[in-house]
There are 2 protein chains.
Amino acid sequence: MTSREASVPMPRTARRGRPGYDLDSLLAVAVEVFNERGYDATSMGDLSERLGIAKSAIYHHVASKEVLLRLALDRALDGLEAVTQGARELDVSAVRRLEHLVHESVVLLLDHQPYVTLLLRVRGNSPVELAALQRRRALDRYAASLVRDAVRAGDLRADLDPTVTARLMFGLVNSLVEWTRPASRAHTQALPDEVSALVFDGLRVRDRPR
Amino acid sequence: MTSREASVPMPRTARRGRPGYDLDSLLAVAVEVFNERGYDATSMGDLSERLGIAKSAIYHHVASKEVLLRLALDRALDGLEAVTQGARELDVSAVRRLEHLVHESVVLLLDHQPYVTLLLRVRGNSPVELAALQRRRALDRYAASLVRDAVRAGDLRADLDPTVTARLMFGLVNSLVEWTRPASRAHTQALPDEVSALVFDGLRVRDRPR
């Protein structure tokens, strides 16, 4: 019996072949590479090269590339679900819940931009991606239901289709991943308010005769 | 001297190996495949397979995959530049020009969705992509200048940064490529008006005390 086959567990401090990476920092680099090259086009070899560690060292952390994808998508989805849960728990009108949802979604997107970017590019090519899409759709449905409730309450205009409105609203929020850079954080501090202002109040000056 | 080296040009009716494809329909299929797999991940072999014709038949139309990309990006950019030119030529205020730009950009996006989708995914990985990004940036600059002029004229709110506002505005327009499907055209007919309504007037009911 060789030592690898021994049933005695490896001590947790044995970190051979993983210079400087815990699962968290490894995941951060993997997400960066996925976003640059596309998940499907990225091999474990690509990750090993970028990380500067052997493939076997990656497999020490995760069983497959797909596990990295799942962990990354979970991070984005857990965050978005927490934002949604926060909106549900507020004891306010539907339009206020919706304002909270939009504002906090922008905050989350800016804080976890690489993870949300990855989530938004998922197309359903595997069970992991399909499960992520299903969780996204549940969030979309809740947003659409808030729009409908706010229209019914007379707080949002009734001339737009609620499902389309919800999609436009979050299309705008999600479009931020395309042009905001985590580096330019100083410039993005006002973004949650700016997005809310555009969505709810529009750009036109209100008290001006047209 | 073989016949291929002869200086006599091939007659235009000689269409061996191109069953049913002219450059236009070949381009349409190529753009579809580029959007599905990513341009970089698509080989001429992939295109040949999808088209059901030999690679040599593709090379009869275009010298390289990059030419297909350039032609596709040109189609999107020519359209967007025509929309911009239309806005420039209107003898109206900046805010009206901007309304025209937003409305007609949505119309164009819905009419040429696969081409615009491809354009929006370009990241600058080659001279063709860099040239396309440069043309896109010129359009963005014009839109930002209209926002600034409209703010100065007192027609748009002054509390938002004009560059950010222009980006949000077209981030919203561009987000349509992510969820509208050419097949569902009946449902998208109202979209140009809906996007304009959201951007300029916002979702909140105006004459209601808050």
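These numbers were taken from a predicted model, which means no experiment stands behind them. (Residues numbered from 1 in each chain as written. Chains lettered and ligands numbered in written order. Predicted model: local features only at pLDDT ≥ 70, side-chain atom pairs only at ≥ 80, totals over all residues. Heavy atoms only, no water.)

*Asks:* Give me the lowdown on helix α2 (residues 44-51) of chain A, citing residues and values where you can.
*Replies:* All names here are of chain A. All buried positions along α2 are accounted for by M44, D46, L47, S48 and L51. Contact partners of the buried residues in α2: α1 (23-37), α3 (55-61) and α4 (65-89). A positive phi of about 70° marks G52, the residue just after α2. (Buried < 20%, exposed > 50% of the residue type's maximum accessible area, 1.4 Å probe, protein only. Helix = DSSP H or I, 4+ residues; strand = E, 2+ residues; numbered from the N terminus. Contact = heavy atoms within 4.5 Å.)

*Asks:* Outline the relation of the copies chain B and chain A, supporting the account with residue identities and numerical values.
*Replies:* Expressed as a screw operation, the relation of chain B to chain A combines 0.0 Å of axial shift with a rotation of 180°, fitting to an RMSD of 0.0 Å. Given the turn and translation reported, the copies of this chain are related as if by a two-fold rotation axis. When C-alpha distances to the rotation axis are compared across chain B, the minimum falls at G202 of chain B, with a value of 1.8 Å. Most of the interface of chain B is mirrored in chain A, where 100% of its interface residues again form contacts. (Least-squares fit on C-alpha atoms with pLDDT ≥ 70 in both.)

*Asks:* Talk me through the pattern of salt bridges; I want residue IDs and the actual numbers.
*Replies:* Charged atoms that come close allow side chains of opposite charge to pair. Here the structure, examined in full by the defined rule, presents 28 salt bridges over all chains. D46 of chain B is the salt-bridge partner of R37 of chain B, the closest N and O atoms lying 3.0 Å from each other. For D46 of chain B, a relative accessible area of 16% gives the class buried. Among the salt bridges present, the one from R157 of chain B reaches D159 of chain B, with a minimum N-O distance of 3.0 Å. Salt bridges sharing common partners tie together R70, D74, D78, E81 and R135 of chain A. (Salt bridge = Lys/Arg side-chain N within 4 Å of Asp/Glu carboxyl O.)

*Asks:* Could you give me a rundown of the packing of helix α4 (residues 65-89) of chain B against helix α5 (residues 94-111) of chain B, with the residues and numbers involved?
*Replies:* All names here are of chain B. Here α4 crosses α5 at 155°, and the two axes come no closer than 9 Å. For the element pair α4 / α5, the angle class is roughly antiparallel. α4 and α5 meet at a crossing whose hand is right-handed. Counting all contacts with α4, which are made through A76, G79, L80, V83, T84, G86, A87, R88 and E89, the residues of α5 involved are R97, H100, L101, E104, S105 and L108. For the contact of α4 with α5, a count of residues per class yields six nonpolar, five polar and four charged. (Axes fitted to C-alpha atoms, helices over the stretch in contact; angles between N-to-C directions. Parallel < 35°, antiparallel > 145°, perpendicular 65-115°, else oblique. Left-handed = near helix turned anticlockwise from the far one by under 90°. Nonpolar A, V, L, I, M, F, W, Y, C, P; charged D, E, K, R; others polar.)

*Asks:* Mind laying out the environment of M169 of chain A, listing which residues take part and the relevant values?
*Replies:* Within the secondary structure layout, M169 of chain A lies in helix α8 (residues 162-179). Judged by relative accessible area, which is 0%, M169 of chain A ranks as buried. Contact partners of M169 of chain A, with chain neighbours within four places excluded, come to L98, V102, V147, V199 and F200 of chain A together with L198 and L203 of chain B.

*Asks:* Would you mind going over the side chain of S105 of chain B in detail, with residue names and values included?
*Replies:* All names here are of chain B. Along the chain, the position of S105 falls in helix α5. Separated by 2.6 Å, the side chain of S105 and the backbone oxygen of L101 make a polar contact. If sequence neighbours within four positions are ignored, S105 has contacts with V83, F170 and V173. (Polar contact = N/O pair within 3.5 Å; in protein donor to acceptor, adjacent residues only side chain to side chain.)

*Asks:* Talk me through the UniProt feature "DNA-binding region" (unreviewed entry) in chain A; I want residue IDs and the actual numbers.
*Replies:* Within this structure's numbering, the places UniProt gives as "DNA-binding region" (unreviewed entry) are residues 43-62 of chain A. Helix makes up 75% of residues 43-62 of chain A and strand makes up 0%, while its end C-alpha atoms are separated by 14 Å. (UniProt positions renumbered as here; feature names shortened; annotations may be inferred.)

*Asks:* Which residues make up the packing of aromatic side chains, and what are the values?
*Replies:* By convention here, two paired aromatic rings are described through the distance between centres and the angle between planes. All names here are of chain A. With the rule as written, the count across this model stands at two aromatic pairs over all chains. Ring plane angle 80° and centroid distance 4.9 Å describe the contact between F34 and Y39, whose orientation is recorded as edge-to-face. Across from the ring centre of Y39, 4.1 Å away, lies the NZ or CZ of K65, which sits over that ring. In this structure, R88 is placed above the aromatic ring of Y142, and the distance from its NZ or CZ to the ring centre is 4.1 Å. (Phe/Tyr/Trp six-rings, centres within 6.5 Å; stacked < 30°, edge-to-face > 60°. Lys NZ or Arg CZ within 6 Å of the ring centre and 35° of its normal.)

*Asks:* If you had to explain the interface of chain B and chain A to someone new, which residues and values would you point to?
*Replies:* Listed by partner, the interface residues are 38 residues for chain B and 38 residues for chain A. Both faces combined, the contact of chain B with chain A buries some 3700 Å², and carbon together with sulfur accounts for 55% of it. Three residues stand out in chain B for area buried against chain A, namely L168, L203 and R204 of chain B, and they jointly supply 21% of the buried area on that side. Linking chain B with chain A are six salt bridges, by the criterion used here. Of the charged contacts, one joins R204 of chain A and E99 of chain B as a salt bridge, the two residues approaching to 2.8 Å between their closest N and O atoms. Counting the contacts that link chain B with chain A gives 18 residue pairs in polar contact (both at pLDDT 80 or more). Elements that contribute at least two residues to the side of chain B that touches chain A include exactly α5, α8 (162-179) and α10 (191-201) of chain B. Here the side of chain B that touches chain A is built from residues that sort into 18 nonpolar, five polar and 15 charged. (Buried area = accessible area lost by both parts, 1.4 Å probe.)

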